[in-house]
Amino acid sequence: MIVDCGTYRDGKRTRGPEDFSEALAEVRAAGDGFLWIGLADPTTAEFDHVAEEFGLHPLAVEDAVTAHQRPKVDIYRDSVFTVLKTAAYHQSDETVSIGELMIFLGDSYVMTVRHGPESPLKDLRATLEEQPELLAHGPAAVLYAVCDLVVDQYLDVATELQTDLDELEEQIFSPGRSRGAAERIYGFKRQVVGFRKATFPLMEPALRLTRVGADVQVPFVAAELRPYFRDVADHLAKVNEVVESLDRLLSDILSANLAQVSVQQNDDMRKISAWAALAAVPTMIAGIYGMNFEHMPELRQPWGYPAVLVVMAGVCVGLHRLFKRAGWL
């Protein structure tokens, strides 16, 4: 569905035809403005009508409707198609949800298509309308603002994930609190991997928007906006560094947790072995004297029974002290 449609001249929203086809024709005829149309989860029929009016490439239309695309910038004859992944952190269950956002940039128009609930565009239009000096740069200014907002969200998510990682480290290395830690590590790693799939592939398209030259320059993006996109690329590089460090630290924490489990298991086995040895000595002596042979030493001595008990107790006490000194008990 079409969420909003507006025409802009000199960075300010103006009244124009309600029909987007007439609005686009009007701004192209005037040559001093652009049309910004926003769509949310459009159906194939809805988007086909819009695509026909704007003359969008069929491959880009297919990607925009089906979604689930990697972040990218595709250049067609009459338009530039950009795909971004949006991210949002949910404090309640410590998860990261990923959405999708497409931007079509062309002659005197910019079109935003969002999929999923995690859209950062709800307030962006109102915010940009308060910055006419930025919108005066044309439709590419909207592309910059969207990219900047998405990457700022990445920074927020990365900060929250870093906080969760600090808490996870404290749990892992605190005595008595590491139970169930491996499951949480794997769950956390899945969140980081999903977030990484949104941030890392965007680096190449972000750098592409900063390049200047006849053979590399992205059309419909004015040269004066290149520094803005360079700033977005710098912030994205910072996000990717944080995500990479999170992924590396998670692998190290998982290894440390597995080592802790192995040490604990070895310690448990030593204790079990020590107690088994303590039980084995009296069992062996009792087994010998339980064989019921007629001619056995001390079998008919009145002090034989207490002597055997004393030997059993003495050997057990000696073994206990030995195992205690060795750290097995």
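Please refer to the structure placed before this passage.
Because the structure is predicted, anything quoted here is derived from the model rather than measured. (Residues numbered from 1 in each chain as written. Predicted model: local features only at pLDDT ≥ 70, side-chain atom pairs only at ≥ 80, totals over all residues. Heavy atoms only, no water.)

Participant: Would you mind showing me how to read empty space enclosed by the protein here?
Facilitator: A probe matching the size of a water molecule, rolled over the atoms, marks out where space remains unfilled. Counted under the stated rule, the structure contains one cavity of 30 Å³ or more. Empty space within the largest cavity amounts to approximately 60 Å³. In this structure, the largest cavity is lined by Val73, Thr82, Leu84, Cys147, Leu202, Pro205, Ala206, Leu209, Phe229 and Val232. Listed by contribution, the elements that provide at least two residues to the lining of the largest cavity are β5 (79-90), α8 (203-208) and α9 (226-289). (1 Å grid on protein atoms, 1.4 Å probe; cavity = no way out; pocket = protein on both sides within 12 Å on 5 of 7 lines; lining within 4 Å. Points joined across faces, edges and corners; volume = space filled by probe spheres on them. Helix = DSSP H or I, 4+ residues; strand = E, 2+ residues; numbered from the N terminus.)

Participant: What should I look at first to understand the sheet that holds strand β4 (residues 72-75) in this one?
Facilitator: As a general point, the strands of a sheet are linked pairwise by backbone hydrogen bonds and lie either parallel or antiparallel. Spatial strand order, β2-β1-β3-β7-β6-β5-β4: seven strands in an open sheet with mixed pairing. At either margin of the open sheet sits one strand with a lone partner, and together these are β2 (12-14) and β4. Between one strand axis and the next, the sheet turns through 25° on average, direction left out of account. Relative to the sheet, helix α6 (residues 139-172) contacts β3 (33-40), β5, β6 (95-106) and β7 (109-115), its axis offset from that of β5 by approximately 25°. Each of β5 and β6 is contacted by helix α7 (residues 181-199), which is oriented at about 10° to β6, the strand it contacts most. (Pairing = 2+ DSSP bridges. Axes fitted to C-alpha atoms, helices over the stretch in contact; angles between N-to-C directions. Contact = heavy atoms within 4.5 Å.)

Participant: Just to check I follow, could you spell out the packing of helix α2 (residues 44-54) against helix α3 (residues 58-66) for this structure?
Facilitator: Packed helix pairs are specified by the crossing angle of their axes together with the interaxial distance, meaning the distance between the axes. Relative to each other, α2 and α3 sit at 150°, their axes nearing to 10 Å. Considering only the axes of α2 and α3, their crossing is right-handed. Packed against α2, whose contacting residues are Thr44, Phe47, Asp48 and Ala51, the element α3 presents Val61, Ala64 and Val65 at the interface. In terms of residue class, the contact of α2 with α3 is made up of five nonpolar, one polar and one charged. (Left-handed = near helix turned anticlockwise from the far one by under 90°. Nonpolar A, V, L, I, M, F, W, Y, C, P; charged D, E, K, R; others polar.)

Participant: Teacher, can you tell me more about the pattern of salt bridges here?
Facilitator: If charged atoms from side chains of opposite charge come close, those side chains can pair. This structure, assessed with the given rule, holds 13 salt bridges. Linking Asp74 and Lys72 is a salt bridge whose minimum nitrogen-to-oxygen distance equals 3.2 Å. Asp74 sits in the partly exposed class, given a relative accessible area of 22%. Residues Glu94 and Arg184 are paired through a salt bridge, measuring 3.2 Å at the closest nitrogen-oxygen approach. Separated by 90 residues along the polypeptide, Glu94 in the loop between β5 and β6 and Arg184 in helix α7 bring together distant segments of the chain. Since its relative accessible area comes to 28%, Glu94 is described here as partly exposed. Arg184 gets classed as partly exposed once you look at its relative accessible area, which sits at 26%. Linked by salt bridges that have partners in common, Asp4, Arg13, Arg125 and Glu129 make up one network. (Salt bridge = Lys/Arg side-chain N within 4 Å of Asp/Glu carboxyl O. Buried < 20%, exposed > 50% of the residue type's maximum accessible area, 1.4 Å probe, protein only.)

Participant: In this structure, what is going on with the nonpolar core? I would like to understand it.
Facilitator: In globular proteins that are soluble, nonpolar side chains generally tend to be buried together. The biggest cluster of nonpolar side chains holds 58 residues, and the ones touching the most others in it are Val146, Tyr154, Leu161 and Phe195. Top element by residues in this core is α6. It accounts for 17 residues. Setting aside its immediate chain neighbours within four residues, Val146 contacts Leu84, Leu101, Ile103, Leu121 and Leu124. Counting residues in each nonpolar core, the second largest holds 25 residues, with Phe47, Leu56, Phe104 and Met111 among its members. (Core = buried A, V, L, I, M, F, W, Y, C linked by side-chain atoms within 4.5 Å.)

Participant: Help me understand the packing of aromatic side chains, please; the structure alone is not making it clear to me.
Facilitator: Think of a pair of aromatic rings as described by two things: how far the centres are apart, and how the planes are tilted against each other in angle. Applying the stated criterion across every chain yields a total of nine aromatic pairs. Ring geometry for Tyr8 against Trp36: centres 6.2 Å apart, planes inclined by 40°, an arrangement best described as tilted. Note that Tyr8 is positioned in strand β1 (residues 2-9) and Trp36 in strand β3, a separation of 28 residues in sequence. With respect to burial, Tyr8 and Trp36 carry one shared label: buried. Geometrically, the ring pair formed by Tyr144 and Tyr228 is edge-to-face, given 5.1 Å between the ring centres and 65° between the ring planes. With Tyr144 in helix α6 and Tyr228 in helix α9, this pair connects stretches of sequence that are 84 residues apart. We classify Tyr144 as buried; its relative accessible area is 11%. (Phe/Tyr/Trp six-rings, centres within 6.5 Å; stacked < 30°, edge-to-face > 60°.)

Participant: Please clarify how the side chain of Arg226 should be interpreted in this entry.
Facilitator: Relative to the elements of secondary structure, Arg226 occurs in helix α9. Glu224 is the oppositely charged side chain nearest to the buried, salt-bridge-free Arg226, at an N-O distance of 8.1 Å. At 3.0 Å, the side chain of Arg226 forms a polar contact with the backbone oxygen of Val221. (Lys, Arg positive; Asp, Glu negative; His and termini not counted. Polar contact = N/O pair within 3.5 Å; in protein donor to acceptor, adjacent residues only side chain to side chain.)

Participant: Is there a simple way to think about a nonpolar patch on the surface in this case?
Facilitator: There is a patch of nonpolar side chains on the surface, built from Met284, Ile288 and Tyr289 and spanning about 280 Å² of accessible area. Structurally, Met284 is set in helix α9. Judged by its relative accessible area of 51%, Met284 falls in the exposed class. (Patch = residues over 30% accessible without salt bridge, like charges linked within 9 Å, V, L, I, M, F, W, Y side chains within 5 Å. Areas by Shrake-Rupley, 256 points an atom, 1.4 Å probe, with all protein chains shown as cover.)

Participant: For this particular structure, what's the right way to read the pairing of β4?
Facilitator: In the sheet, β4 pairs with β5 via four bridges, with the strands oriented antiparallel. Residue pairing for β5: Lys72 is matched across the bridge by Val83. As consecutive antiparallel partners, β4 and β5 are separated by three residues.

Participant: Teacher, can you tell me more about the side chain of Asp63 here?
Facilitator: Within the element layout of this structure, Asp63 appears in helix α3. Every residue in contact with Asp63, bar those within four places of it in the chain, is listed here: Gln69, Lys72, Phe81 and Met102.

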